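For reference, the chains in residue letters:
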Amino acid sequence: MPMSSRFTSKAITALAVTAGLTVGLTACGSGGSSSAGSGSGSGGSGSITVGLITKTETNPYFVTMKKGAQAEAAKDGVKLLTAAGAYDGDNSGQVTAVQNMIAAGVKGILITPSDPKAIAPTLDRARQQGVVVIALDTPPDPQNSADALFATNNTTAGKLIGQFAKAKTAGKPVKIAMLDLAPGVDVGVQRHDGFLAGFGIAEGDPSIVCAADTGGDQAKGQTAMENCLQKAPDISLVYSINEPAAMGAYQALKAAGKDKSVTIVTIDGSCTGVSALAQGEFVADSMQYPLKMASLGVDAVMTFAKTGKKPSGYTDTGVNLIAPTPIAGIDSKDTAFGQSNCWGS
């Protein structure tokens, strides 16, 4: 983003988040068609308000997480406020959302930090005011800035696709493109390192011929893959941080006539991604469960509000390797399982 537009963008983001919260408060309190509880549900939980702050409103992963929180809130009869950054990495938008949710009287905040280090002081202040904070998917930095973390073991997710890729390419020379997230974000680092460990190589191995950040975005993934192909036209294996980046890479490879000769492995487990997997765009996908993260988070805040018991520590919400064609010695589920369980559905 150009520096000259930075202040304007932050102001617009703050206004957008504030407006979103205002709508959320109206919907949750109206008893209308909102999926969040209006207070009339069983258990007398209507006075409990939970906040959910995701990285963006557009990434299908966070859209699914929001749906999971809405469904659990409706079931439990609690109010749910939601907000998101304007883009992945929008810390100022998330800070504004936290402040507005505290002012709205939430008992707890569920958050997927866009900038784990920058958001930490804001989360500390929320906890000092008696709000329980639960990180979903991505830990803040330091992790103890949140009371608890509900997330995929991202190192394991990376390791699973690394092991599969190693078995898939066994005996063949490989040239690897690493399509990463962004510098310093734990989720991206853990998946990257897990893949290397699963594949059995170290950082800087000569088989890695290109590395690029994608922000987990499809368009950026496509551009990154195009640039990698210019640098190393004989790339044979692509690691991608998530399915949008993998789909972008596939489009670049298809345009170059290389989609049949290059192996792509990825992480996510969406219904759309599993369909792409079944159609041969990828060979393996580590499935995670954002619906479970969100529902566990809502329940934990409700328990805190009713009993005073805070959630703590790390809860591993699980990961499964999905592959259309199994490989002996590698534990995986087929795409039928993937389609039935995509993102915890």
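Residues numbered from 1 in each chain as written. Predicted model: local features only at pLDDT ≥ 70, side-chain atom pairs only at ≥ 80, totals over all residues. Heavy atoms only, no water.

Asks: Tell me about the sheet that holds strand 2 (residues 79-84), residues and numbers included.
Replies: Spatial ordering of the open sheet is given by 2-1-3-4-5-11, a layout of six strands whose pairing is parallel. Unpaired on one side and paired on the other, strand 2 and strand 11 (313-316) mark the two borders of the sheet. Along the sheet, successive strands turn relative to each other by an average axial angle of 20°, direction set aside. Relative to strand 2, strand 1 (residues 49-54) runs parallel, the two sharing six bridges. Counterpart to threonine 54 in the pairing with strand 2 is alanine 84. (Pairing = 2+ DSSP bridges. Helix = DSSP H or I, 4+ residues; strand = E, 2+ residues; numbered from the N terminus. Axes fitted to C-alpha atoms, helices over the stretch in contact; angles between N-to-C directions.)

Asks: Before we move on, can you summarise the layout of surface pockets with the specific residues and values?
Replies: Roughly 610 Å³ of internal volume is contained in the largest pocket. Lining the largest pocket are 27 residues; nearest its centre among them are Asp88, Gly89, Leu181, Gly215 and Gly216. Elements that contribute at least two residues to the lining of the largest pocket include exactly helix 4 (116-128) and helix 7 (218-231). In the lining of the largest pocket, the residues fall into eight nonpolar, ten polar and nine charged. Within this model, the second largest pocket holds a volume of roughly 260 Å³. (1 Å grid on protein atoms, 1.4 Å probe; cavity = no way out; pocket = protein on both sides within 12 Å on 5 of 7 lines; lining within 4 Å. Points joined across faces, edges and corners; volume = space filled by probe spheres on them. Nonpolar A, V, L, I, M, F, W, Y, C, P; charged D, E, K, R; others polar.)

Asks: So, the confidence of the model for the protein: which residues are in play, and what are the values?
Replies: Confidence in the prediction for the protein averages 88 pLDDT; 87% of positions are at 70 or higher. Ignoring residues within four places in sequence, the model shows residues 1-44, a span with pLDDT below 50, making 54 contacts including any to other chains. (pLDDT = per-residue confidence, 0-100. Contact = heavy atoms within 4.5 Å.)

Asks: Which residues make up helix 7, and what are the values?
Replies: With 14 residues, helix 7 extends 20 Å between its outermost C-alpha atoms, agreeing within 8% with the 20 Å of an ideal straight helix rising 1.5 Å per residue. Taken residue by residue, helix 7 has Gly221, Ala224, Met225, Cys228 and Leu229 as its buried positions. All buried residues of helix 7 lie within an arc of 135° about the axis, which places them on one face of the element. Residues Ala219, Lys220 and Gln230 are exposed on helix 7 and point more than 90 degrees away from its buried face. If you follow the buried residues of helix 7, they end up packed against strand 6 (176-180), strand 7 (208-213), strand 8 (237-240) and helix 8 (243-255). (Expected span 1.5 Å × (residues − 1). Buried < 20%, exposed > 50% of the residue type's maximum accessible area, 1.4 Å probe, protein only. Arc of directions from axis to C-beta.)

Asks: Tell me what's going on with empty space enclosed by the protein, and back it up with residues and numbers.
Replies: Counted according to the given criterion, the structure contains one cavity of 30 Å³ or more. Approximately 170 Å³ is the volume found for the largest cavity. Lining the largest cavity are 15 residues; nearest its centre among them are Lys55, Phe62, Asp137, Arg191 and Asn242. Among the secondary structure elements, those contributing two or more residues to the lining of the largest cavity are helix 2 (60-76) and helix 6 (186-199). Split into classes, the residues belonging to the lining of the largest cavity amount to five nonpolar, five polar and five charged.

Asks: How would you summarise the pattern of salt bridges if you had to cite specific residues and measurements?
Replies: Within the structure shown, the criterion is met by five salt bridges. Across the pair arginine 127 and aspartate 147 runs a salt bridge, and its minimum N-O distance is 3.0 Å. Linking arginine 127 in helix 4 with aspartate 147 in the loop between strand 4 (132-136) and strand 5 (148-151), this pair joins segments that are 20 residues apart in sequence. Overall, the relative accessible area of 26% leaves arginine 127 in the partly exposed class. With a relative accessible area of 11%, aspartate 147 lands in the buried category. Where lysine 175 meets aspartate 234, a salt bridge forms, and the shortest distance between an N and an O atom there is 2.6 Å. Taken together, the residues span a long stretch of sequence, with lysine 175 in the loop between helix 5 (154-168) and strand 6 and aspartate 234 in the loop between helix 7 and strand 8 at a distance of 59 residues. Overall, the relative accessible area of 44% leaves aspartate 234 in the partly exposed class. (Salt bridge = Lys/Arg side-chain N within 4 Å of Asp/Glu carboxyl O.)

Asks: Describe the state of the cysteines, with residues and values.
Replies: Scanning the entire structure with this criterion turns up two disulfides. Put simply, cysteine 210 and cysteine 228 are joined by a disulfide, and their sulfur atoms are 2.1 Å apart. When the S-S torsion is -75°, as for the bridge of cysteine 210 with cysteine 228, the disulfide is left-handed. A residue pair is termed long-range when its members are at least 10 positions apart, and cysteine 210 in strand 7 and cysteine 228 in helix 7 qualify at 18 residues. With respect to class, cysteine 210 is no different from cysteine 228; both count as buried. In this model, cysteine 271 is linked to cysteine 342 through a disulfide, with the two sulfur atoms separated by 2.0 Å. The sign of the S-S torsion, about 65°, decides the handedness of the disulfide formed by cysteine 271 and cysteine 342: right-handed. On the criterion of sequence distance, the pair formed by cysteine 271 in helix 9 (residues 271-278) and cysteine 342 in the segment after helix 11 (335-341) is long-range, its members being 71 residues apart. (Disulfide = S-S within 2.5 Å.)

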